[in-house]
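Each chain is listed here by its residues.
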Amino acid sequence: MADQKGCCCCGSNCCTPVKEKRQIVIDYLFLDLSVCTRCQGTESALYEAISDVEAVLNAAGFEVLVNKIHVATKEMAIAYKFESSPTIRVNGKDIDSDVKESLCECCGDLCGENVDCRVWTYQGQEYTVPPKALIVNAILSEVYGGGAPGREKEYALPKNLEAFYEAMDNKK
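Here's what I pulled together on the structure shown here. (Residues numbered from 1 in each chain as written. Predicted model: local features only at pLDDT ≥ 70, side-chain atom pairs only at ≥ 80, totals over all residues. Heavy atoms only, no water.)

This paragraph deals with the sheet that holds strand E5 (residues 100-103). Here 3 strands make up an open sheet; going across it, the order is E5-E6-E7 and the pairing antiparallel. Of all the strands in the sheet, just E5 and strand E7 (125-127) have a single pairing partner and so form its edges. Along the sheet, successive strands turn relative to each other by an average axial angle of 45°, direction set aside. As paired elements, E5 and strand E6 (residues 116-122) share 4 bridges and run antiparallel to each other. Residue pairing for E6: glutamate 101 is matched across the bridge by arginine 118. (Pairing = 2+ DSSP bridges. Helix = DSSP H or I, 4+ residues; strand = E, 2+ residues; numbered from the N terminus. Axes fitted to C-alpha atoms, helices over the stretch in contact; angles between N-to-C directions.)

Quick look at the structure:
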């Protein structure tokens, strides 16, 4: 017995229209997950942060889509406008707009050259792995604050990354 056209009386919400969830797209860009402790730690912090906010996001009608992007070539770096490894972008915006770097021995060992990798700044402190709170705040800011307007700046492959890719090509 139906009380509305096309809807049953089973009480299971089977007739309630399903709203499509809005997406939060997170791009995780990195140079190496096999030896780089910064990339590995950043990946762990990212997934922990997502786990912490996922229930809130679901309740608010959002779903998270994570794109893990191994930026393996100079051409990929240019295509993704890759500035430093590792990078996390929420809906296309870097979670830490102030890109700083320091010597990364792991990536240096990988390519045989001195390489600088990302240093994250949060509440006045610098970290080689982003604090989970930095990631959570960036996600929630995008959802509830509408996100900060993205600044489109002219891109040039950083010399540091150019040296890394050249050294990796020479090892082949």
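Moving on: the sheet that holds strand E2 (residues 62-70). Read from one edge of the open sheet, 4 strands run E2-E1-E3-E4, paired in mixed fashion. Because the sheet does not close on itself, it has two edges, and the strands there are E2 and strand E4 (93-94). Bridge count for strand E1 (residues 22-30) against strand E3 (residues 87-90) is 4 bridges, and the pairing is antiparallel. Pairing of aspartate 27 across the sheet is with arginine 89, part of E3. Contacting E1, E2, E3 and E4, helix H4 (residues 132-144) runs over the sheet at an angle of about 20° to E3. (Contact = heavy atoms within 4.5 Å.)

It is worth spelling out the pattern of salt bridges at this point. All chains considered together, the criterion is met by 7 salt bridges. Where glutamate 126 meets lysine 100, a salt bridge forms, and the shortest distance between an N and an O atom there is 3.1 Å. Taken together, the positions of glutamate 126 in strand E7 and lysine 100 in strand E5 put the pair 26 residues apart, joining distant regions of the chain. What emerges from the salt-bridge pattern is a single network uniting Asp98, Lys100 and Glu126. (Salt bridge = Lys/Arg side-chain N within 4 Å of Asp/Glu carboxyl O.)

Here we come to the layout of surface pockets. Reported here for the second largest pocket is a volume of approximately 190 Å³. Lining of the second largest pocket is provided by 14 residues; of these, Ala72, Thr73, Tyr165, Met168 and Lys172 occupy positions nearest its centre. Mapped onto the lining of the second largest pocket, the elements with two or more residues apiece are helix H2 (74-79) and helix H5 (159-171). With 4 residues, the top contributor of residues to the lining of the second largest pocket is H5. Taken together, the residues of the lining of the second largest pocket break down into 7 nonpolar, 2 polar and 5 charged. (1 Å grid on protein atoms, 1.4 Å probe; cavity = no way out; pocket = protein on both sides within 12 Å on 5 of 7 lines; lining within 4 Å. Points joined across faces, edges and corners; volume = space filled by probe spheres on them. Nonpolar A, V, L, I, M, F, W, Y, C, P; charged D, E, K, R; others polar.)

Going through the model one piece at a time under the given rule, you end up with 0 disulfides. You can see cysteine 39 has no disulfide; the closest cysteine sulfur is in cysteine 36, sitting 3.8 Å from it. Residue cysteine 39 is classed as buried on the basis of its relative accessible area, which comes to 0%. Between cysteine 106, a cysteine without a disulfide, and cysteine 104, which holds the nearest cysteine sulfur, the sulfur-to-sulfur distance is 5.0 Å. Looking at cysteine 106, the relative accessible area reads 21%, which means it is partly exposed. (Disulfide = S-S within 2.5 Å. Buried < 20%, exposed > 50% of the residue type's maximum accessible area, 1.4 Å probe, protein only.)

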